[in-house]
Amino acid sequence: MQLLAVFLLVVLGLTFLAVPTFGAGWAWDADNGLGFAALAGLLYLSIPGIARRDVRAHQRLSYAVLAVILLHALWFLLADPAALEYIKPGAPAYMWTGLLSVLLLFVLMMLAQMPTRARVHRSYGVFRYWHRVLGAAVVLLSAHHVVFSGYYLRNGWQLAALATLLLLVLAGGGLWRWLPPLRRSTPVTLLSMSLLAALAFSAIRNLGL
Amino acid sequence: MKTLLVLLTLIVVWLLTYGTPFASAYPEKAHYYGSPEVILPMTFAHGDHTETRCMDCHHNFVDDTGGEPCMHCHVSDTSVSGLLEPQFHDFCRGCHEKEAAAGKVSGPVRQCIACHLSDLRP
């Protein structure tokens, strides 16, 4: 749980490194806060070795991250009638990468379910390899969606910090062995923390806290 | 959690199919400004931009690139029409963002529907 909180703080904190009180409206900022929380959740799930500590918790948390992503989409579609036009043919590439990352996450989760996992993969090693490859693709597609939709990450050094974080998580390998035993996060904790983080994100930007 | 996921997915699919029930107006794609392609409407009022220099937007006043209304070239000239979305997002929204970042009253910076409605004002 502590590590999840750290990831939420780091990912959302990155956006505050430039013009922290720059808001786009309460609903818009809260929704984007949910998007950043989802990215933090994806990175948390991608930490090398964390899934092996508790596979069941990893699986349950992935449902919660998918729920945060769906809430992010749902909120936009509810609040802005023009948003629908941005997921139709002709939409900018960053919207397609966002959509593709959700679909890929869904496929990834389906392929990890037994008995499908055993049917599709020759061995556990093959499954683990492809699970990490597809997981990295989901994170990179999401990062493209976040970066190229612009607005919150405006400076080169913010992008460099995000790239470093992605690199540490996706290619850090042994760097994460130092992690002490963690208190397991539950899906309800992840959902609540994501909602709270999104509200705080919006409040700071719109109240000038 | 699985029930929540199914419920959220169904709501998203419903919204994708029928749109939001909370909208007072929906943008309608059409051949605006003589565009050969259907595009989203855009709203703009000169009255909201009285503190902006004319030439900041009307570059054709000084670079002699035509005397038609702005949108005419930007939707029909194939050398720029493909860039309509990024160019206008960068230009209009970029200016609004600079104003907002400076703590001034600005136009919309992100909400799509704030700009993408038919232009009813002068």
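Placed above this text is the structure.
What you see is a predicted model; the values in this text were computed from it and never measured.

Caption draft 1: Spotlight on the overall build of chain A. A tally of helices and strands in chain A yields nine helices and zero strands. When the helices and strands of chain A are listed from N to C terminus, the series reads α-α-α-α-α-α-α-α-α. For 209 residues, the compact-globule formula gives about 17 Å, and the C-alpha radius of gyration of chain A, at 17 Å, lands near that figure. Seen through its principal axes, chain A has C-alpha atoms that stretch 50 × 40 × 30 Å.

Caption draft 2: Main features of a positive patch on the surface. Positive charge collects at one region of the surface, where R52, R128, R132 and R177 of chain A lie side by side. As for its placement among the helices and strands, R52 of chain A is situated in helix 3 (residues 50-53).

Caption draft 3: Structural view of the layout of surface pockets. Residue and element names in this part refer to chain A. Considering only enclosed or pocket space, the second largest pocket measures out at about 660 Å³ in volume. In terms of lining residues, the second largest pocket is bounded by 30 residues, among which L45, A51, H58, F127 and H131 are the most central. Counting only elements with at least two residues in the lining of the second largest pocket, the list comes to helix 2 (26-46), helix 3, helix 4 (55-79), helix 5 (93-111) and helix 7 (124-148). When residues in the lining of the second largest pocket are grouped by element, the largest group, nine residues, is from helix 7. Residue composition of the lining of the second largest pocket, grouped by class: 18 nonpolar, eight polar and four charged.

Caption draft 4: Here's a closer look at the packing of aromatic side chains. Residue and element names in this part refer to chain A. Scanning all chains against the criterion turns up 10 aromatic pairs over all chains. Ring centres of F36 and Y152 lie 5.7 Å apart, and the angle between their planes is 85 degrees; on these two criteria the pair is classed as edge-to-face. Placement of the pair is F36 in helix 2 and Y152 in the loop between helix 7 and helix 8 (156-171), with a sequence separation of 116 residues. In this structure, F36 and Y152 share a single accessibility class: buried. Cluster of aromatic residues (ring-pair linked, three or more members): F16, F36, Y152 and F201. For the cation-ring pair, R117 lies above F127, with the distance from its terminal atom to the ring centre recorded as 4.8 Å.

Caption draft 5: Here's a closer look at the packing of helix 2 of chain A against helix 9 (residues 187-207) of chain A. Residue and element names in this part refer to chain A. One way to put it is that helix 2 packs onto helix 9 with a least axis distance of 8 Å and a crossing angle of 135 degrees. Looking at the two axes, helix 2 sits oblique to helix 9. Once helix 2 is placed against helix 9, the crossing between them reads as right-handed. Taken together, the residues of helix 9 that come into contact with helix 2 (itself represented by W26, D29, A30, N32, G33, L34, F36 and A37) are S194, L195, A198, L199, F201, S202, A203, R205, N206 and L207.

Parameters and conventions
- Residues numbered from 1 in each chain as written.
- Chains lettered and ligands numbered in written order.
- Predicted model: local features only at pLDDT ≥ 70, side-chain atom pairs only at ≥ 80, totals over all residues.
- Heavy atoms only, no water.
- Helix = DSSP H or I, 4+ residues; strand = E, 2+ residues; numbered from the N terminus.
- Rg over C-alpha atoms; globule rule 2.2 N^0.38 Å.
- Patch = residues over 30% accessible without salt bridge, like charges linked within 9 Å, V, L, I, M, F, W, Y side chains within 5 Å.
- Areas by Shrake-Rupley, 256 points an atom, 1.4 Å probe, with all protein chains shown as cover.
- Salt bridge = Lys/Arg side-chain N within 4 Å of Asp/Glu carboxyl O.
- Lys, Arg positive; Asp, Glu negative; His and termini not counted.
- Charge placed at Lys NZ, Arg CZ, Asp CG, Glu CD.
- 1 Å grid on protein atoms, 1.4 Å probe; cavity = no way out; pocket = protein on both sides within 12 Å on 5 of 7 lines; lining within 4 Å.
- Points joined across faces, edges and corners; volume = space filled by probe spheres on them.
- Nonpolar A, V, L, I, M, F, W, Y, C, P; charged D, E, K, R; others polar.
- Phe/Tyr/Trp six-rings, centres within 6.5 Å; stacked < 30°, edge-to-face > 60°.
- Buried < 20%, exposed > 50% of the residue type's maximum accessible area, 1.4 Å probe, protein only.
- Lys NZ or Arg CZ within 6 Å of the ring centre and 35° of its normal.
- Axes fitted to C-alpha atoms, helices over the stretch in contact; angles between N-to-C directions.
- Parallel < 35°, antiparallel > 145°, perpendicular 65-115°, else oblique.
- Left-handed = near helix turned anticlockwise from the far one by under 90°.
- Contact = heavy atoms within 4.5 Å.

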